[in-house]
Amino acid sequence: MYSTYCQYDYPIEVFIPEMPVPKDGFPVIFVLDGHRYAQMMFIAMKNQMLVSEKTKVHPSIIVSVGHNQDEASNRRFYDFTAPAEQYHFPIRRGKAMEPVPVGGAADFQQFFIHELIPYICDKYDVNRARFSLYGHSLGGLFSLWCYLTEPNLFEKYVAISPSVWWNNHDLLRILHENKEKSVTPVAIFVGGDEGDMVDDAMTFYNHRLAANLPVQFYVALEENHASVIPATLSRALRFISS
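Residues numbered from 1 in each chain as written. Predicted model: local features only at pLDDT ≥ 70, side-chain atom pairs only at ≥ 80, totals over all residues. Heavy atoms only, no water.

## Considering the nonpolar core
Part 1 of the reasoning: In this structure, Phe30, Phe108, Phe112, Phe142 and Phe154 are the most contacted members of the largest nonpolar core, which totals 55 residues.
Part 2 of the reasoning: Among the elements that line this core, the one with the most residues is helix H5 (residues 138–149), at eight residues.
Part 3 of the reasoning: Setting aside residues up to four positions removed in sequence, Phe154 forms contacts with Phe30, Phe112, Ile117, Phe131, Ser132, Leu133, Cys146 and Thr184.
Part 4 of the reasoning: Core analysis: the second largest hydrophobic core is formed by 25 residues, Met41, Phe42, Val228 and Phe239 among them. (Core = buried A, V, L, I, M, F, W, Y, C linked by side-chain atoms within 4.5 Å. Buried < 20%, exposed > 50% of the residue type's maximum accessible area, 1.4 Å probe, protein only. Helix = DSSP H or I, 4+ residues; strand = E, 2+ residues; numbered from the N terminus. Contact = heavy atoms within 4.5 Å.)

## Describing the packing of helix H4 (residues 105–123) against H5
Think of two packed helices as two axes; the pair is described by the angle between the axes and how far apart they sit.
Part 1 of the reasoning: Interaxial distance between H4 and H5 falls to 11 Å at its minimum, and their mutual angle equals 75°. Overall, the two elements H4 and H5 adopt an arrangement that is roughly perpendicular. Mapping the contact onto sequence places Ala105, Ala106, Phe108, Gln109 and Phe112 in H4 and Phe142, Trp145, Cys146 and Thr149 in H5.
Part 2 of the reasoning: Class assignment of the residues belonging to the contact of H4 with H5 gives a composition of seven nonpolar, two polar and no charged. (Axes fitted to C-alpha atoms, helices over the stretch in contact; angles between N-to-C directions. Parallel < 35°, antiparallel > 145°, perpendicular 65-115°, else oblique. Nonpolar A, V, L, I, M, F, W, Y, C, P; charged D, E, K, R; others polar.)

## Regarding the environment of Glu223
Part 1 of the reasoning: Along the chain, Glu223 turns up in the loop between strand S11 (215–220) and helix H8 (228–241).
Part 2 of the reasoning: On the accessibility criterion, Glu223 (22% relative accessible area) is partly exposed.
Part 3 of the reasoning: Contact partners of Glu223, with chain neighbours within four places excluded, come to Gly191, Gly192, Asp193, Glu194, Val228 and Ala231.

## Things to note about the sheet that holds strand S4 (residues 26–32)
Part 1 of the reasoning: If you walk across this open sheet you meet the seven strands as S3-S5-S4-S8-S9-S10-S11, and the pairing is mixed. Each having just a single partner strand, strand S3 (12–15) and S11 make up the two edges of the open sheet. Each neighbouring strand pair of the sheet contributes to a mean axis angle of 15°, computed without reference to strand direction.
Part 2 of the reasoning: Each of strand S10 (186–191) and S11 is contacted by helix H7 (residues 196–210), which is oriented at about 160° to S11, the strand it contacts most. (Pairing = 2+ DSSP bridges.)

## Here's the deal with the packing of aromatic side chains
Part 1 of the reasoning: Under the definition given, this model contains 25 aromatic pairs.
Part 2 of the reasoning: Arranged with centres 5.0 Å apart and planes meeting at 20°, the rings of Tyr205 and Phe217 form a pair that is stacked. With Tyr205 in helix H7 and Phe217 in strand S11, this residue pair connects regions lying twelve residues apart in the sequence.
Part 3 of the reasoning: The ring of Phe239 has Lys156 lying over it, and the distance from NZ or CZ to the ring centre is 5.3 Å. (Phe/Tyr/Trp six-rings, centres within 6.5 Å; stacked < 30°, edge-to-face > 60°. Lys NZ or Arg CZ within 6 Å of the ring centre and 35° of its normal.)

## Some words on the pattern of salt bridges
Part 1 of the reasoning: Applying the stated criterion to the full structure yields five salt bridges.
Part 2 of the reasoning: The partner of Glu177 in a salt bridge is Arg173, and the shortest N-O contact between them spans 2.9 Å. In this pair, Glu177 and Arg173 are both assigned in helix H6 (residues 166–177), four residues apart and thus about one turn of the helix distant.
Part 3 of the reasoning: Here Arg173 falls in the partly exposed class, since its relative accessible area comes to 39%.
Part 4 of the reasoning: One salt-bridge network, in which partners are shared between bridges, spans Asp170, Arg173 and Glu177. (Salt bridge = Lys/Arg side-chain N within 4 Å of Asp/Glu carboxyl O.)

Honestly, that's just the spatial picture; any functional story needs more than this.
Put into structure tokens, the structure is as follows:
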């Protein structure tokens, strides 16, 4: 799907449950880096629905929002990072980051608001009040930034191992300056072996908790930045369905 806001053609794939449409339409989960995670989530959802009376997981349409494989690494860094007056490329895990184009999150958000969401609403039988956003790593960073800047765009936000460290923890500055007491639920999950990312995620969680806002936090013990995805999928689906 070509975005006039981002000047980019996004690979979009839609996974639809094989069952009658609910009376109010299907909920929708938008999955960032969908070429990696959307099908995995769809399979996990189907498995959870086999015992839905216990899991409380309900059928949803899953929309995969991806990038073209030959440029995914750099392009996701652009789309998922917020605009700022200046950018700091740190040393991460002992390796200096090479500067790449960044700061395109505002345009990427407009792509959702004005292009992708209206397209999904027009083409499929959906419940607009039950749209959720799911992101991992830089995608988790975008999910939290979107939660702070457009809290009512989605019913729920899920951030897995969010890259809160980016740009000298600029997201935490936005968090502390944000005066809106959003009642939109947000879930933050992180792998227990992710070092400082656990502390960063907990800082965000504690801020929301202290403000008495709906937030869920979970540390998946002995999981790393990659393994945390399958380890927390069922928990994310239960959060979204709740």
